[in-house]
Amino acid sequence: ACRVGVLAAKGAAVAVVDLDLAAARQVVHGLQEQGRSALAIEADVTNPQAMEEAVARAVRELGPLRLAVNNAGVASPHLELADIDMDTWNRVLGINLTGAFLSMPHQIPAMLAAGGGAIVNMSSIVGVNGKAGRSVYSAAKHGVVGLTKSAALEYAQRGLRINAVAPGYVDTPMLRDRPADERQAMADQSAVGRMARPEEISETIAFLLSSRASFITGQVY
């Protein structure tokens, strides 16, 4: 919600795509109350047809697509590599990595048709470094980095920029149910001694999508 709120405040019409339609509608309702243009779309990022339809609907109802954030993600259980079952592997890879892969082939043509645009894919600090007990999540987020860097090279001369953001620990609902000592350990790993606030990540995304970042592509922040 914070991420789309920052983009909406900067003038973007926002399509909120979520498996949880009620949650998407709640975000959209808040934006509309502020006079923003927003649309809620129910879609499963692991379903190719659903993502094709989601992009087509966004363009049909909101206008040309110029910006996209591929942010759908799910955490993995704390497991050593030999204990990871295929259901866990497929679920975590499917949402975190395949979800971006299935979204971009529809976002990219729509942006090229609009004359160019920018995409930000969400990776993670463990998409740059490893972490014991999180190998499946780390593999997925490393994959997002590779997907981003390669696609950026393919479309750089056609007016399309593609970057990734790889946050450390951010104070979001995904982490708020963790024990207090675990949350403190996460905060202690940061140089500034706390977890990031969601709006700090949002502002980085908004910068990378903006014309101020017109020379930046294929990078991971």
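Residues numbered from 1 in each chain as written. Predicted model: local features only at pLDDT ≥ 70, side-chain atom pairs only at ≥ 80, totals over all residues. Heavy atoms only, no water.

**Student:** Looking at this structure, how should I read the overall build of the protein?
**Tutor:** The helix and strand tally for the protein stands at eight helices and five strands. Listed N to C, the secondary structure of the protein is α-β-α-β-α-β-α-β-α-β-α-α-α in terms of helices and strands. Radius of gyration (C-alpha) of the protein: 17 Å, near the 17 Å computed for a compact globule of 221 residues. A sequence separation of at least 24 residues applies to 69% of the contacts in the protein between residues at least 6 apart. When the accessible surface of the protein is split by element, carbon and sulfur atoms take 54% of a total near 11700 Å². Across the protein, the mean location of the 20 positive side-chain charges is 9 Å away from that of the 21 negative side-chain charges. (Helix = DSSP H or I, 4+ residues; strand = E, 2+ residues; numbered from the N terminus. Rg over C-alpha atoms; globule rule 2.2 N^0.38 Å. Contact = heavy atoms within 4.5 Å. Areas by Shrake-Rupley, 256 points an atom, 1.4 Å probe, with all protein chains shown as cover. Lys, Arg positive; Asp, Glu negative; His and termini not counted. Charge placed at Lys NZ, Arg CZ, Asp CG, Glu CD.)

**Student:** In this structure, what is going on with the pattern of salt bridges? I would like to understand it.
**Tutor:** Pairs may arise between side chains of opposite charge once their charged atoms sit close together. For the coordinates displayed, the defined rule picks out five salt bridges. Residue Glu203 pairs with Lys10 through a salt bridge whose shortest N-O separation is 3.6 Å. Placement of the pair is Glu203 in helix H8 (residues 198-209) and Lys10 in the loop between helix H1 (2-9) and strand E1 (14-18), with a sequence separation of 193 residues. Across the pair Glu199 and Arg197 runs a salt bridge whose closest N-O atoms are separated by 3.4 Å. Relative accessible area serves as the criterion here: at 36%, Glu199 is assigned to the partly exposed category. Take Arg197: its relative accessible area is 39%, and that puts it in the partly exposed class. (Salt bridge = Lys/Arg side-chain N within 4 Å of Asp/Glu carboxyl O. Buried < 20%, exposed > 50% of the residue type's maximum accessible area, 1.4 Å probe, protein only.)

**Student:** When you look at the side chain of Thr148 in this model, what are you seeing that I'm missing?
**Tutor:** Looking at the element boundaries, Thr148 is found in helix H5 (residues 135-155). A residue is classified by how much of its surface remains accessible, and Thr148, at 0% relative accessible area, is buried. In this structure Thr148 touches Asn121, Ile162, Asn163 and Ala164, once residues within four positions along its chain are discounted.

**Student:** What exactly am I supposed to notice about the nonpolar core here?
**Tutor:** One broad rule of soluble globular proteins: the nonpolar side chains tend to lie buried together. Within the largest apolar cluster, 27 residues are counted, with the highest numbers of intra-cluster contacts made by Val14, Val16, Leu31, Val165, Ile201 and Ile205. Of all elements in the fold, only H1, E1, helix H2 (21-33), strand E2 (38-42), strand E4 (117-122) and H8 reach the threshold of two or more residues within this core. Counting 13 residues, the second-largest nonpolar core is a separate cluster that includes Ala68, Met104, Ile108 and Tyr155. (Core = buried A, V, L, I, M, F, W, Y, C linked by side-chain atoms within 4.5 Å.)

**Student:** Help me understand the pairing of E2, please; the structure alone is not making it clear to me.
**Tutor:** Working note: regular strand, side chains alternate between the two faces of the sheet. Of all the five residues making up E2, four are buried; the element is thus mostly covered by neighbouring parts of the structure. In terms of strand pairing, E1 meets E2 through five bridges, oriented parallel. Across the sheet, the residue bridging to Val17 is Ile41, located in E2. In this view, the connection linking E1 to its parallel neighbour E2 by way of H2 has right-handed handedness. (Pairing = 2+ DSSP bridges. Right-handed = clockwise from strand over helix to strand, strands pointing away.)

**Student:** Can you walk me through the environment of His142 in this structure?
**Tutor:** Here His142 is to be found in helix H5. Note: C-alpha distance between His142 and Val128 (14 residues apart in sequence) is 6.3 Å. Not counting the four nearest positions on each side in its chain, His142 is found in contact with Val126, Gly127, Val128 and Asn129. A distance of 3.4 Å separates a polar side-chain atom of His142 from the backbone oxygen of Gly127. (Polar contact = N/O pair within 3.5 Å; in protein donor to acceptor, adjacent residues only side chain to side chain.)

**Student:** For this particular structure, what's the right way to read the packing of helix H3 (residues 48-62) against helix H4 (residues 86-113)?
**Tutor:** Packed helix pairs are characterised by how far apart their axes lie and by the angle those axes make with each other. At a closest axis distance of 8 Å, the pairing of H3 and H4 adopts a crossing angle of 30 degrees. In this view, H3 runs roughly parallel relative to H4, as classed from their interaxial angle. The chirality of how H3 crosses H4 is right-handed. Between H3 and H4, the contacting residues are Pro48, Met51, Glu52, Val55 and Val59 on the first element and Leu102, Ser103, His106, Gln107 and Ala110 on the second. When the residues that make up the contact of H3 with H4 are grouped by side-chain class, the tally is six nonpolar, three polar and one charged. (Axes fitted to C-alpha atoms, helices over the stretch in contact; angles between N-to-C directions. Parallel < 35°, antiparallel > 145°, perpendicular 65-115°, else oblique. Left-handed = near helix turned anticlockwise from the far one by under 90°. Nonpolar A, V, L, I, M, F, W, Y, C, P; charged D, E, K, R; others polar.)

**Student:** Can you help me understand the sheet that holds strand E5 (residues 160-165) in this one?
**Tutor:** What the three strands build is an open sheet, ordered E3-E4-E5; its pairing is parallel. Among the strands making up the open sheet, the edge pair consists of strand E3 (67-70) and E5. Across this sheet, the average inter-strand angle for adjacent strands is 15 degrees, counted without regard to direction. Pairing geometry for E3 and E4, over four bridges, is parallel. When the bridges of E4 are listed, Val69 appears paired with Val120. Strand contacts of H5: E4 and E5, with the helix running at about 160 degrees to E5, the strand carrying the most contacts.

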